[in-house]
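What follows is each chain in one-letter form.
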Amino acid sequence: MRVVIEHVCKTFEDGSGGKTEALRDINLTNEENEFLVVVGPSGCGKSTLLNIVAGLLPATSGKVIFEGIPDLSKPFTSVVFQEFALFPWRTVEKNIMYGPEERGLPKNEREDIARHFIDMVGLKGFEKRYPHQLSGGMKQRVSIARALANDPWLLLMDEPFSALDAQTRTIMQGELSQIYEKTHKSVLYITHNIQEAVFLGDRVAVLSRRPGRVESVISIDLPRPREENIVLAPEFLSYAEEIWGHIRDQAKSALSE
Amino acid sequence: MVSFLSILFLFCLWEFIARLGFVSPLFLPAPTAILETGIKMALSGEIFHHIGASLWRIFWGFSCAAVIGTLVGILLGFFSLAESIGNPIIAATYPIPKIAILPLLILWLGIGEYSKIAVIGLGVFFPMVINVYTGVRNVDPVLIKAAISLGSDRKRIIRKVILPSALPMIFAGLKLGIGIALLLVVAAEMIAADAGIGYMILTSADLMQTTKLMFGISILSMLGLVFSWIINKIEKLCIPWKT
Ligand SMILES: Nc1ncnc2c1ncn2[C@@H]1O[C@H](COP(=O)(O)OP(=O)(O)O)[C@@H](O)[C@H]1O
Ligand SMILES: [Mg+2]
């Protein structure tokens, strides 16, 4: 299974004829089981790209092709949103069971799935809590479990940790890396944080500032599973440096405008 | 506890002033005198007759309007065609004081129960529609996106996302509506009725039975408290996720 993003362009039009070109000719491939990170300055169209891949937004031109999917009975992708997007009226386990419910799985199967992913994201004992009773980090764990419970071919994550404080964020990055080792899903991960991009990604695509174009794609050749102390390795730093080099030019020209 | 004491103090002061005899009991009867009248009316069953008549009207007017108002609010909030037809009509009719329509309703439906139920229903309908509509329109779009990406279709989104997120607004509408229902039932009964709290208050005033009049007012205030207590209880049951 691979996902090919082909010549995707997106221009928003508001009612009064104003146009915003958000994406220009995006070409990217998410290989099987690949953790692909997209970084770029804010407002460059990262969320727009993710929404197009998720099928939540039509592209103005170009297409997203899901190759080699044998089973069309369930959604191809699941999304983890920056805002968590948990259903406030559902408990932790009911939130996680939402996708399986929509797929019409029998109750005992749904419960097995919920239990499995509650274990995986470390939420045991919190099954009956409502989202408002959880910390930000725990909410995002529920959201990750909910996305995985639908067994998507591609997991989409839109700056999932940027609403969290720095410590929680570091912990969550480590946990996500572990979850990735266990599930080996293809992931399309969006962030504006370079350190996070290098820590998580197999490849990192750098988007230019609006209209977003793929500026460069960098393969991150660091051993998996990624451990927390990898951020101190010289290779890690040189990758971060390289990506920062690409982004800095963008940011500088933005500042000088 | 403090609020209870302050009310108790108010009553004692009231009793004291009334007993001093400077003010005629015709204008300000003592609380104990009102209570005495109340007990008499309860023993004779007269008060239950009036309460029953008012409750019956409130019940039908309120519950029909609550159901219809919720359905219309969902339609307006969810379907843009319904919205473009319905919103101007609502905007034009909403500001009409509902009690002003009562004579017309009496003309159409007769002087009996239907016109009273209808005027209550109209009064409750508008805050319900407007609240439910607002609730539906203000659903967090990211929740709808989440539901779509988890495989929900339109119908399921209405039932599993829009309805539960509009629930707090539906209850806000019910709370507004019950106050309006109480107001309108009294007004309608003062205009044309032979039973009900409003009727009882009006006839007591005509006969200068001030204690009876004051007892009627206390019943209204108690009904108001009981109604909002019941709605709050149901709300807690229906919205356990609310903080
Ligand atoms: N629905 C929309 N209508 C009009 N403009 C939009 C819409 N969504 C996003 N945009 C614009 O497109 C650009 C890219 O937005 P977005 O994809 O959210 O950026 P990012 O996620 O990289 O911060 C921004 O300039 C934003 O204002
Ligand atoms: Mg974004």
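As a reminder, the structure under discussion sits directly above these lines.
Residues numbered from 1 in each chain as written. Chains lettered and ligands numbered in written order. Predicted model: local features only at pLDDT ≥ 70, side-chain atom pairs only at ≥ 80, totals over all residues. Heavy atoms only, no water.

Description of the site of ligand 1
All names here are of chain A. Rules: A molecule or strand has a residue near it when one of that residue's heavy atoms lies within 4 Å. Think of a polar contact as two N or O atoms within 3.5 Å of one another; within protein, one of them needs to be a possible hydrogen donor and the other a possible acceptor, and neighboring residues in sequence only count if both atoms come from side chains. Helix numbers and strand numbers start at the N terminus; a helix is a DSSP run of H or I with at least 4 residues, a strand a run of E with at least 2. Following the grouping adopted for this structure description, the nonpolar residues are Ala, Val, Leu, Ile, Met, Phe, Trp, Tyr, Cys and Pro, the charged ones are Asp, Glu, Lys and Arg, and the polar ones are all others, Gly among them.
The full set of residues close to ligand 1 is Phe12, Ala22, Ser42, Gly43, Cys44, Gly45, Lys46, Ser47, Thr48 and Arg210. Within the backbone of lysine 46, an N or O atom sits 2.9 Å from an oxygen atom of ligand 1. A distance of 2.7 Å separates an oxygen atom of ligand 1 from a polar atom in the side chain of arginine 210. Of the residues forming the shell around ligand 1, the biggest block, 3 residues, is contributed by helix H1 (residues 46–54). Of the residues that constitute the shell around ligand 1, the class distribution is 3 nonpolar, 5 polar and 2 charged.

Examining the interface of chain A and chain B
What counts is decided by this rule: In this description, contact between two residues means that some pair of their heavy atoms is separated by no more than 4.5 Å. The term buried area denotes the loss of accessible surface (1.4 Å probe radius) that occurs when two parts are joined, taken as the sum for both partners. One side-chain nitrogen of Lys or Arg within 4 Å of one carboxyl oxygen of Asp or Glu is enough to make a salt bridge.
Counting residues at the interface gives 22 residues for chain A, matched by 18 residues for chain B. Buried area between chain A and chain B, summed over both chains or domains, comes out near 1800 Å², and the portion from carbon and sulfur atoms is 66%. Area buried by chain A at its contact with chain B is led by Trp89(A), Tyr98(A) and Glu102(A), which between them contribute 37% of it. Where chain A meets chain B, there are 3 salt bridges. Ionic pairing is found between Lys160(B) and Glu101(A), a salt bridge with its closest N-O pair at 2.7 Å. Viewed at the interface, chain B and chain A are joined by 9 residue pairs in polar contact (both at pLDDT 80 or more). It is helix H3 (residues 98–102) of chain A that contributes the most residues to the side of chain A that touches chain B, 4 residues altogether.

Regarding a nonpolar patch on the surface
Residue and element names in this part refer to chain B. Heads up, the condition is: A patch consists of residues exposed above 30% relative accessible area that lack any salt bridge, with like charges linked at up to 9 Å and nonpolar side chains (Val, Leu, Ile, Met, Phe, Trp, Tyr) linked at up to 5 Å. For accessible areas, the Shrake-Rupley method is used with a probe of radius 1.4 Å. Any residue's cover is judged against the shown protein chains and nothing else. The rule is simple: take the accessible area with a 1.4 Å probe, protein chains only, and divide by the maximum for that residue type; under 20% is buried, over 50% is exposed, in between is partly exposed.
Taken together, Phe9, Leu13, Phe16, Ile17, Leu20 and Phe22 make up a surface patch of nonpolar side chains, about 680 Å² in accessible area. Relative to the elements of secondary structure, phenylalanine 22 occurs in the loop between helix H1 (2–20) and helix H2 (31–44). For phenylalanine 22, a relative accessible area of 74% translates into the label exposed.

Description of the packing of aromatic side chains
Put simply, the test is: Here the aromatic set is Phe, Tyr and Trp, taking the six-membered ring for Trp, and pairing holds for ring centres within 6.5 Å; pairs whose planes are under 30 degrees apart are stacked, those over 60 apart are edge-to-face, and all others are tilted. Any Lys NZ or Arg CZ that is within 6 Å of a ring centre and within 35 degrees of that ring's normal is treated as a charge sitting over the ring.
Scanning the model with the defined rule gives 12 aromatic pairs over all chains in all. A centroid spacing of 5.4 Å and a plane angle of 85° characterise the contact between Phe78(B) and Phe79(B), whose relative ring orientation is edge-to-face. Residue Phe79(B) is classed as partly exposed on the basis of its relative accessible area, which comes to 35%. In this arrangement the basic side chain of Lys74(A) is found over the ring face of Trp153(A), its NZ or CZ atom lying 5.3 Å from the centre.

Considerations on the nonpolar core
To be explicit about the condition: The definition of a nonpolar core used throughout is a set of buried Ala, Val, Leu, Ile, Met, Phe, Trp, Tyr and Cys residues joined through side-chain atoms within 4.5 Å.
The biggest cluster of nonpolar side chains holds 91 residues, and the ones touching the most others in it are Phe87(A) and Val161(B). With 15 residues, the top contributor of residues to this core is helix H8 (residues 154–191) of chain B. Apart from residues no more than four positions distant in its own chain, Phe87(A) is found in contact with Asn95(A), Tyr98(A), Pro131(A), Arg146(A), Leu143(B), Ala146(B), Ala147(B), Leu150(B) and Val161(B). Among the nonpolar cores identified, the runner-up in size contains 51 residues, and Phe35(A), Leu123(A), Val142(A) and Tyr180(A) belong to it.

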